[in-house]
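# Working through the structure, step by step
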Amino acid sequence: MKTIIEPFKIKSVEPIHFSDEAYRIQALKRAFYNPFLIPSDDVMIDLLTDSGTSAMSSAQWAGIMMGDESYAGSPSFYRFEKSVKDITKMDFVIPTHQGRAAEKILFSILGGKDRVVISNTLFDTTRANIEYSGADGVDLICEEGKHPAIPAPFKGNIDTEALKKYIATHGTEHIAMVIITVTNNSGGGQPVSMANIRETQAICRQHNIRFYIDACRFAENAYFIQQREAGYKDKSILEIANEMFSYADGCTMSAKKDAFGNIGGFLALNDEKLATECRNLLVITEGFPTYGGLAGRDLEALAIGLKEILEPSYLQYRIRSIEYLTEKLLAAGVPVMVPAGGHAVYLDAKAFLPHIPQDQYPGQALVCALYTKGGIRGVEIGSLMFGKYDEQGKLIPAGLELVRLAIPRRVYTQSHIDYVGEVIIEVFEGRNAIKGLKIIEIAPLLRHFTAKLDLLS
Ligand SMILES: *Cc1c(COP(=O)(O)O)cnc(C)c1O
């Protein structure tokens, strides 16, 4: 088989600012060992997130000029709405400025004290919005999803036996909804199978529980279903997406992921009464229902992006580039989550840095080492992001200590990815010299964004 090439050529370029290790050591110190606090000009390859970092296509940029900025009833909204409906077939489409704004609205209505939201794994903003409403989030990831080194085709699946058991033990009264994240961002970008979605919906329907999808990476998930699940090989990405959404009562989506947007999000719902309540909140926090938190030009770019994401050659290249980096790392013995996920490579920091205990944040230590060595910015998904404390103030560590290197869509070429692999392997070879960290300042919610840390001597 020949090399799978980038299915695009480059019309407009941005310079990368080169720096040396001595400079980056200082930059990291100034940022309190938290790469979120590093100015992006000081980063060479930015793998902090694939959110809002996509390269838009020339068609999307043309759409930006076509955007209609009418306050009410803009044709750009109707085009956006049509793109969302073509994919989700849901009746009510509510635009928001980001995914979390959709979450905030939804959980303000369905969340609240004594309520729980059950998921395969809640993303950090989703969990924060649930908890902020007074509700609790419960993650029931399948057993395969708990073992980074053991491959399985659908490690993002929710544990349906655990879900049934939860219902049997606690009843259904407090359950606000079940929401499945596709692909499972916080659990390695691993896909969820159609069978799992179908079964979860059946359980929910039987018990009269709402079933939602966190749809940020629906197209990447659909591609995995097409490649890996029996019966889907000859179905198009759109057909698979249609089926996925057909089981759900609604979805939230960050259009900064699989819609190639630099900003945007939406809520799509089948329940008219709930949609009315959501729109009532929308107008006080985001804007009028035909623009939400977005400009007409954004809606136009997203309407086009939602069509482009369904292209088979794009998805093949996309998933292959993640797999390519994963294979390079595996060949060098680097502990990396397998199989490769949809949007990111996840390093297993516990296995990478076994000499650093979890209360010294091995994931964050690895993130810092990658920046120092190669100017690469990743993000910790472990005890810094998800850790809690017991009554004595002792850390209750996260289940996994991962470092996520998220690949922006259509931004980096194969040589950038090769460079990333080389830097990781170099850091791996010098891993014994890497030291742990301690927290010196931390916020109560979404704590990893602003945390300040210091090196342990
Ligand atoms: C990014 C993301 C969100 C939140 O979306 P924003 O646009 O960043 O507010 C929610 N869920 C998942 C799975 C995400 O990846």
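Preceding this paragraph is the structure being described.
None of the values given here were measured: they were computed from a predicted structure. (Residues numbered from 1 in each chain as written. Predicted model: local features only at pLDDT ≥ 70, side-chain atom pairs only at ≥ 80, totals over all residues. Heavy atoms only, no water.)

### Structural notes on the overall build of the chain
Filter applied, for reference: Helix and strand assignments come from DSSP, with helices taken as H or I runs of at least 4 residues and strands as E runs of at least 2, each series counted from the N terminus. The quantity called the radius of gyration is restricted to C-alpha atoms. Its globule counterpart is 2.2 Å times the number of residues to the power 0.38. For every residue, the accessible area obtained with a 1.4 Å probe (protein chains only) is divided by the maximum for its type, and the residue is called buried under 20%, exposed over 50%, and partly exposed between those limits. In this description, contact between two residues means that some pair of their heavy atoms is separated by no more than 4.5 Å. Only the protein chains shown count as cover for residues, and all accessible areas are computed by the Shrake-Rupley method using a 1.4 Å probe. His residues and chain termini do not enter the charge count, which takes Lys and Arg as positive and Asp and Glu as negative. For this purpose, a charge sits on NZ of Lys, CZ of Arg, CG of Asp or CD of Glu.
What the chain contains, in helices and strands, is 16 helices and 16 strands. For 457 residues, the compact-globule estimate of 2.2 N^0.38 gives 23 Å, and the C-alpha radius of gyration of the chain, at 21 Å, lies within 12% of that figure. Taken across its 457 residues, the chain has 57% of its residues classed as buried. Taking the intrachain contacts of the chain between residues at least 6 apart in sequence as the baseline, contacts between residues at least 24 apart amount to 72%. For the chain, the accessible surface area stands at approximately 19,100 Å², while carbon and sulfur atoms represent 54% of it. Measuring between centres, the 48 positive side-chain charges of the chain sit 1 Å from its 55 negative side-chain charges.

### Re the packing of aromatic side chains
We apply this condition: Any two rings among Phe, Tyr and Trp, with Trp reduced to its six-membered ring, count as a pair given centres within 6.5 Å; such a pair is stacked if its planes are under 30 degrees apart, edge-to-face if over 60, and tilted if neither.
Applying the stated criterion to the full structure yields 11 aromatic pairs. A ring pair is formed by Phe8 and Tyr317, whose centres lie 5.5 Å apart and whose planes are at 85°; its orientation type is edge-to-face. Of this pair, Phe8 sits in the segment before helix H1 (21-30) while Tyr317 sits in helix H12 (residues 312-331), and the two are 309 residues apart along the sequence. With 5.0 Å between their ring centres and 75° between their planes, Tyr71 and Tyr291 make a pair best called edge-to-face. With Tyr71 in the loop between helix H2 (58-66) and helix H3 (75-88) and Tyr291 in the loop between helix H10 (272-285) and helix H11 (296-308), this residue pair connects regions lying 220 residues apart in the sequence. An aromatic cluster of at least three residues, connected via ring pairs, comprises Phe8, Phe260, Tyr314 and Tyr317.

### Some thoughts on a negative patch on the surface
Worth spelling out the cut-off: Patch definition: residues with relative accessible area over 30% and no salt bridge; like charges joined within 9 Å; nonpolar side chains (Val, Leu, Ile, Met, Phe, Trp, Tyr) joined within 5 Å. What makes a salt bridge here is a side-chain nitrogen of Lys or Arg within 4 Å of a carboxyl oxygen of Asp or Glu, nothing more.
A cluster of acidic residues, Asp91, Asp249, Asp271 and Glu272, forms a negative patch on the protein surface. Looking at the element boundaries, Asp91 is found in the loop between H3 and strand S2 (92-96). Look at Asp91 and you get partly exposed, because its relative accessible area is 44%.

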